[in-house]
Amino acid sequence: MRVLMVNWVYTPEFSGAALQCHRLTLQLLKMGVKVVSLSGTDKLDLLGTSSVDDLKIVRVLRNKSTLYNHVGYGWDIFHYIIKNYKRFDLLHSHGFIAPVNLAAKVTGLPLIQKITDYNLDDPTAVRRRTSGQFLIPIYEMASVVIATSKLLEDTCRIGLSENKKVMRIPNGVETSEFKPLSELKRQKLREQYNVKPDHTVLLSVGTVSHKKGFDTLIKAVYLLKKMCSEKIKVWIVGPEKAFSGYGESDPAVERYAQMTHDMVKEFGLEEIIEFKGEQENVHEFMQAADIYIHPSKQEGQPNSILEAMSCGLPVVANLIPGITDEIIQTGKYGYLVNCHETDVFSAALRVLINNKGLCKRLGE
């Protein structure tokens, strides 16, 4: 079997979908499947053919600065597939990428289209776009639509024609990497990260952007500091920039990231909250932490929650009906809260921090 994976971005550029694709691809390679990845990039030094973990990556310029350039990016994706379609048996797109669907129609190659983010590339969200009425027929050119959560599955079944094949397959976790450590190894790792023995470490992973809800986390930690006698440390792991055009960072993300830093200073939390930036060894931060927090407001199916649970961490997550409540059940694996209700959010954290036995049991 020869598969062409197609992504908006690919590692080393940051994207949860790209990371999930990369891990899936490595598993396919172990099974003897031949895989090539096709992706866009904002960075000139990444253009062309390269390799990541012995996987062939072909990158074309993703320049969205003008409509003309954006169409040019779509043409490059389409043209590569048309030119090379005889080398592949199957297309697999991560997200809705219209040029891929059109190329599948022209070449006759079957297309698996994985939907990774609710309100972004599900059929209802696509239909709301300016050209949505023209995009939905292109959307339905996929042979199979993979939804990662119950909410996405329901949205696809409602938003697409009745005979469209929709399957729900949850995201996978590389359990050989995301796993609990022995207590001895864990303590050594905590020492490596300068964690004091009497500190409880709270961890959250994601791009520091509005949809990830880190402002609600900072407010909860401020209230927690006033009401909890235990010593805590909060790690926020993830980039503070996102790229919206041709090598241009998204100003909205930069403004939000600056706002969160300002909030930390205003609330006097500089000694508690640490912004760790983008990290390659996310699994080590999870293995060294005590509690995982996910205040995100918008998801498809959050990989970081699955990975944290795989590392044996209890989770406090924002309730996103049909998404986070499919993974977490309150009192069984952690707590689901409305993160905008600061007192409730803080109380859930306080319960786990003050009850080490409960924290350990939920994590297990």
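Scoring rules and cut-offs
- Residues numbered from 1 in each chain as written.
- Predicted model: local features only at pLDDT ≥ 70, side-chain atom pairs only at ≥ 80, totals over all residues.
- Heavy atoms only, no water.
- Phe/Tyr/Trp six-rings, centres within 6.5 Å; stacked < 30°, edge-to-face > 60°.
- Helix = DSSP H or I, 4+ residues; strand = E, 2+ residues; numbered from the N terminus.
- Buried < 20%, exposed > 50% of the residue type's maximum accessible area, 1.4 Å probe, protein only.
- Axes fitted to C-alpha atoms, helices over the stretch in contact; angles between N-to-C directions.
- Parallel < 35°, antiparallel > 145°, perpendicular 65-115°, else oblique.
- Left-handed = near helix turned anticlockwise from the far one by under 90°.
- Contact = heavy atoms within 4.5 Å.
- Nonpolar A, V, L, I, M, F, W, Y, C, P; charged D, E, K, R; others polar.
- Pairing = 2+ DSSP bridges.
- Disulfide = S-S within 2.5 Å.

Peer 1: Hey, could you run me through the packing of aromatic side chains in this one?
Peer 2: Overall, the coordinates contain seven aromatic pairs when judged by the stated rule. Note on Phe96 and Tyr139: the rings are 4.8 Å apart at their centroids and 40° apart in plane angle, and the pair reads as tilted. Residue Phe96 is located in the loop between strand 5 (90–94) and helix 3 (98–107), and its partner Tyr139 is located in helix 5 (residues 132–139); the two are separated by 43 residues in the primary sequence. With a centroid separation of 4.8 Å and an interplanar angle of 40°, the aromatic rings of Tyr193 and Phe285 are classed as tilted. With Tyr193 in the loop between helix 7 (183–192) and strand 9 (199–205) and Phe285 in helix 10 (residues 282–288), this pair connects stretches of sequence that are 92 residues apart. Given a relative accessible area of 16%, Tyr193 falls into the buried group. The exposure class of Phe285 is buried, given its relative accessible area of 3%. Put simply, the rings of Tyr193, Trp235 and Phe285 pair up and form one aromatic cluster.

Peer 1: What is the right way to look at the packing of helix 2 (residues 67–84) against helix 3 in this model?
Peer 2: Packed helices, taken two at a time, are described by the angle their axes make and the gap between the axes. Two elements in contact, helix 2 and helix 3, have axes separated by 9 Å at closest approach and are oriented at 30°. Relative to helix 3, the element helix 2 lies roughly parallel. The crossing of helix 2 and helix 3 is right-handed. Residues Gly74, Ile77, Phe78, Ile81 and Ile82 of helix 2 form the contact with helix 3, whose own contacting residues are Pro99, Val100, Leu102, Ala103, Val106 and Thr107. Looking at the contact of helix 2 with helix 3 residue by residue, the classes come out as nine nonpolar, two polar and no charged.

Peer 1: For this particular structure, what's the right way to read the pairing of strand 4 (residues 55–61)?
Peer 2: Taken residue by residue, a regular strand's side chains alternate between the two faces of the sheet. Of all seven residues in strand 4, five are buried; the element is thus mostly enclosed. Across six bridges, the pairing between strand 2 (residues 34–41) and strand 4 is parallel. From the neighbouring strand, Leu38 faces strand 4, where its bridge partner is Val58. Two strands pair when backbone bridges link them, and strand 3 (residues 48–52) and strand 4 are joined in this way by five bridges, in the antiparallel orientation. Bridge pairing in strand 4 links Gly48 to Arg59. In this structure, the hairpin formed by strand 3 and strand 4 is closed by a connection of two residues, where Asp53 is found at a positive phi of approximately 55°.

Peer 1: I would appreciate a short explanation of the state of the cysteines in the present structure.
Peer 2: Linking two cysteines covalently through their sulfur atoms gives a disulfide. For the structure shown, the criterion picks out zero disulfides. Not engaged in a disulfide, the cysteine Cys21 finds its nearest cysteine sulfur in Cys156; these two sulfurs lie 18 Å apart. Residue class for Cys21 comes out buried when judged on its relative accessible area of 0%. Here Cys228 is not cross-linked by a disulfide; its sulfur's nearest cysteine counterpart is in Cys359, at 12 Å.

Peer 1: Would you take a moment to explain the side chain of Asn303 for this structure?
Peer 2: Relative to the elements of secondary structure, Asn303 occurs in helix 11 (residues 303–310). Take Asn303: its relative accessible area is 16%, and that puts it in the buried class. If near-sequence neighbours (up to four positions away) are discounted, Asn303 is found in contact with Gly16, Gln20 and Asn171.

Peer 1: Help me understand the sheet that holds strand 11 (residues 273–277) in this model?
Peer 2: Adjacent strands of a sheet pair through backbone hydrogen bonds, lying either parallel or antiparallel. Strands sit in the order 11-10-9-12-13-14 across an open sheet of six strands; the sheet is parallel. Here the strands that pair on one side only, and so sit at the sheet edges, are strand 11 and strand 14 (334–337). Put simply, the sheet's adjacent strands are angled 20° from each other on average, direction ignored. As paired strands, strand 10 (residues 231–237) and strand 11 are joined by four bridges and run parallel to one another. In the strand pairing of strand 11, Trp235 is matched with Glu274.

Peer 1: Could you clarify how one ought to interpret the sheet that holds strand 6 (residues 111–115) in this entry?
Peer 2: On the basis of which strands lie adjacent, the open sheet formed by eight strands has the order 3-4-2-1-5-6-7-8 and mixed pairing. The sheet is open, and its two edges are formed by strand 3 and strand 8 (166–168), each paired on a single side. When strand polarity is set aside, the average angle formed by the axes of neighbouring strands in this sheet is 25°. Of the strands in this sheet, strand 1 (2–7), strand 2, strand 3, strand 4, strand 5 and strand 6 touch helix 1 (residues 16–30), which is tilted by about 170° from strand 1.

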